[in-house]
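Coordinate analysis (summary)
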Amino acid sequence: MGKYFGTSGIREVVNEKLTPELALRVGKALGTYLGGGTVVVGKDTRTSGEMLKSALISGLLSTGVEVIDIGLAPTPLTGFAIKLYNAEAGVTITASHNPPEYNGVKVWQPNGMAYTPEMEAELERVIDSGNFKKAAWNEIGTVRRADPKREYIREALKMVRPNKSYTVVLDTGNGAGSILSPYLQRELGNKVISLNSHPSGFFVRELEPNAKSLSALAKTVKAIKADVGIAHDGDADRIGVVDDKGNFVEYEVMLSLIAGYTLRKFGRGKIVTTVDAGFALDDYIRPLGGEVIRTRVGDVAVAEELAKNGGVFGGEPSGTWIIPQWNLTPDGIFAGALVLEMIDRFGPISELAREVPRYVTLRAKIPCPNEKKAKAMELIAREALRSFGYERLIDIDGIRIENSDWWILFRPSGTEPIMRITLEAHTEEKARELMGKAENLVREAVKGV
């Protein structure tokens, strides 16, 4: 993690670490780094969005960069607009699934991929140097406002097209997906019922689309006998799915299903996921001609691996999916369209989900100040390697130890002051035994720093 940028751009509490002054400096640094050209800027629905967007745009203009302001826009729309307008970069003002007091800045490359840690480190260097490009009075950039929603829907419909109409309940969490996701679903020919789809920075539910936050969506799907429920986080780069019976579909199961569907739709190939993804994915897609590659947590790592290996699909077990045939930006909105096409071709999700192997996955968060993370990870690595009998070690992002029937991942969060433990085992008993041991190990390591 850098000084400002974490695993998903800058993400901080507004007017504490993330101020208009910092947004201004990020704008100046990005304009200096690019040396000119055009930048697309969008924001999610947070109350601080306009303030931070205005500051960032001022910084960009001061370096002579042209700005296309797409206003309220989900992250997928920013990624799409960068390519549509042939821009040199894009910026989304968003804190994704974090609570409303947070906001953030995420920067995107011309191909729709997020800036890599190396590119972010270069931006940090420029921010701290204060050595910004200053345009002459007659070369200051200008702002053009644009709305790429219609083009997004038109292009999406060229790639995804269910044959029949379905009833879809859509919960966009009052986030930026409200202005696009329901409209795409309607254009697909579906009957759309919207929940929490009025844009607001005062979010009605927790933004992370999980079983707890989507209880209202699940009840609605069941009550009206809808075919599916689809939900997003604050910037709609994620998707959560409720099946036709009103049950939240676990992330791991949905990841397997959609990876399998992309293999059927686009052909055999590599599926990229992260070190916190379980064995179910491998076991489900192997018969379909897929091969799993694991990489660091974070959409940029998945996108890099897809670009390098020419993968068919990339996804994290957090509902973050990248469909490279569409874009290298994580896109919960396009993903929603793909889910409908999958239902159209292969039947209800409740039935499809039965084909995915079920193992027991447990997750835990242990508080750990950011400044203690590096040292704590050293202690965790040493103790984990000593106290667990394992067959394989992956250390590309945290420490993942594996046996034939279980795995454990110890990893410092890139966005919060916590250590994460994720594990999977074939039985509940084994999973709980492993988690008890893992939690004690992490607590002792944090205490020992």
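Each remark here, short or long, concerns the structure printed above.
A brief structural summary. For every chain, the first residue of the written sequence is number 1, and numbering continues from 1 along that sequence. In keeping with the predicted nature of the model, local features appear solely for residues at pLDDT of at least 70, side-chain atom pairs appear and are counted solely at 80 or more, and the whole-chain, interface and lining totals rest on all residues. Only hydrogens and water are set aside when side-chain values are computed; all heavy atoms of the structure are taken into account.

1. What about the overall build of the protein?
We count it as follows: The secondary structure listing takes helices from DSSP runs of H or I that are at least 4 residues long and strands from runs of E that are at least 2 residues long, numbered from the N terminus. Think of it in three bands: with a 1.4 Å probe and only protein chains considered, a residue is buried below 20% of the maximum accessible area for its type, exposed above 50%, and partly exposed in between. Two residues form a contact once any of their heavy atoms are found within 4.5 Å. The Shrake-Rupley method, run with a 1.4 Å probe sphere, supplies the accessible areas, and residue values consider only the shown protein chains as cover. His is not counted, nor are the chain ends; Lys and Arg add positive charge and Asp and Glu add negative charge. Here the site of a charge means atom NZ of a Lys, CZ of an Arg, CG of an Asp or CD of a Glu.
Broken down by element type, the protein carries 14 helices and 19 strands. For the protein, the spread of C-alpha atoms along the three principal axes comes to 70 × 60 × 40 Å. Sorting the 449 residues of the protein into buried and exposed places 61% on the buried side. For the protein, the share of sequence-separated contacts (at least 6 apart) that also reach a separation of at least 24 residues comes to 70%. Working note: accessible area of the protein is about 17,700 Å², and carbon and sulfur atoms make up 49% of it. In the protein, which carries 57 positive and 58 negative side-chain charges, the distance between the mean positions of the two groups comes to 2 Å.

2. Some details on the sheet that holds strand β11 (residues 269-274)
Definition in use: What makes two strands pair is DSSP finding at least two bridges between them. Only the stretch in contact is used when a helix axis is fitted, and all axes are lines through C-alpha atoms; the angle between N-to-C directions ranges over 0 to 180 degrees.
Strand order in the open sheet formed by four strands is β12-β11-β13-β14, and the pairing between neighbours is mixed. Either end of the sheet is taken by a strand with one partner, and the two such strands are β12 (290-295) and β14 (320-322). Within the sheet, the average angular offset between the axes of one strand and its neighbour, ignoring direction, is 20°. As paired elements, strand β13 (residues 313-316) and β14 share three bridges and run antiparallel to each other. Within β14, the position partnered with glutamate 316 by the bridge is threonine 320. Its contacts with the sheet put helix α8 (residues 251-266) on β11, β12, β13 and β14, and the angle it makes with β13 is roughly 175°. Together, β11, β12, β13 and β14 form the strand contacts of helix α10 (residues 299-309), whose direction differs from that of β13 by roughly 160°.

3. Details of the packing of helix α1 (residues 20-34) against helix α2 (residues 49-62)
For the record, the criterion: Each helix crossing is assigned a hand: it is left-handed if the near helix lies turned anticlockwise from the far helix by less than a right angle, otherwise right-handed if that turn is clockwise. Under this grouping Gly is polar, as are all residues other than the nonpolar Ala, Val, Leu, Ile, Met, Phe, Trp, Tyr, Cys and Pro and the charged Asp, Glu, Lys and Arg.
Here α1 crosses α2 at 35°, and the two axes come no closer than 7 Å. The two elements α1 and α2 cross, and the hand of that crossing is right-handed. Taking contact as the criterion, the partners of Pro20, Ala23, Leu24, Val26, Gly27, Lys28, Leu30 and Gly31 in α1 are, on α2, Met51, Leu52, Ala55, Leu56, Ser58, Gly59, Leu60 and Ser62. For the contact of α1 with α2, a count of residues per class yields ten nonpolar, five polar and one charged.

4. Quick look at empty space enclosed by the protein
Here is the rule we go by: Any residue with an atom within 4 Å of a point lines the site, the site being either a cavity, points on a 1 Å grid over the protein atoms alone where a 1.4 Å probe fits but cannot get out, or a pocket, an open set with protein on both sides within 12 Å along at least 5 of 7 lines. Grid points are joined across faces, edges and corners, and a volume is the space filled by probe spheres set on the points.
Inspection of the entire model under this criterion finds two cavities of 30 Å³ or more. Looking at the largest cavity, its volume works out to about 70 Å³. What lines the largest cavity is simply Ser8, Ile10, Arg11, Thr75, Thr94, Ser96, Lys106, Trp108, Asp235 and Asp237. Secondary structure elements with two or more residues in the lining of the largest cavity: β1 (10-13) and β5 (102-108). Residue composition of the lining of the largest cavity, by class: two nonpolar, four polar and four charged. Lining the second largest cavity are Leu257, Arg264, Tyr284, Met342, Phe346 and Leu352. Looking at the lining of the second largest cavity, the elements that each hand over two or more residues are α8 and α11 (332-346).

5. Some details on the side chain of serine 413
Put simply, the rule reads: Polar contact criterion, stated in full: a pair of N or O atoms within 3.5 Å, where within protein one must be able to donate a hydrogen and the other to accept it, and residues adjacent in sequence count only if both atoms are side-chain atoms.
Position of serine 413 relative to the elements: it lies in the loop between β18 (406-412) and β19 (418-425). A relative accessible area of 2% places serine 413 in the buried class. Polar contacts involving the side chain of serine 413 include one to the main-chain amide nitrogen of glutamate 416, which spans 2.9 Å.

6. Comments concerning the sheet that holds β19
Strand order in the open sheet formed by five strands is β15-β19-β18-β17-β16, with antiparallel pairing between adjacent strands. Only two strands of the sheet have a single partner each, and these edge strands are β15 (360-367) and β16 (392-394). Ignoring which end each strand starts from, the neighbouring axes of this sheet average 15° apart. Across three bridges, the pairing between β16 and strand β17 (residues 399-402) is antiparallel.

7. Here we look at helix α7 (residues 215-224)
Think of an α-helix as 3.6 residues a turn; residues three or four steps apart then line up on the same face. The test is simple: The arc in question is the one spanned by the directions pointing from the helix axis to the C-beta atoms.
Along α7, the residues classified as buried are Leu217, Ala218, Thr220 and Val221. For α7, the angular spread of buried residues about the axis comes to 165°, placing them on one side. In this structure, α7 carries Lys219, Lys222 and Ala223 as exposed residues pointing more than 90 degrees from its buried face. Check the buried side of α7 and you find it contacts β7 (167-171), β8 (191-195), β9 (228-231) and β10 (240-242). Lysine 225, located one to two residues past α7, shows a positive phi value of around 55°.

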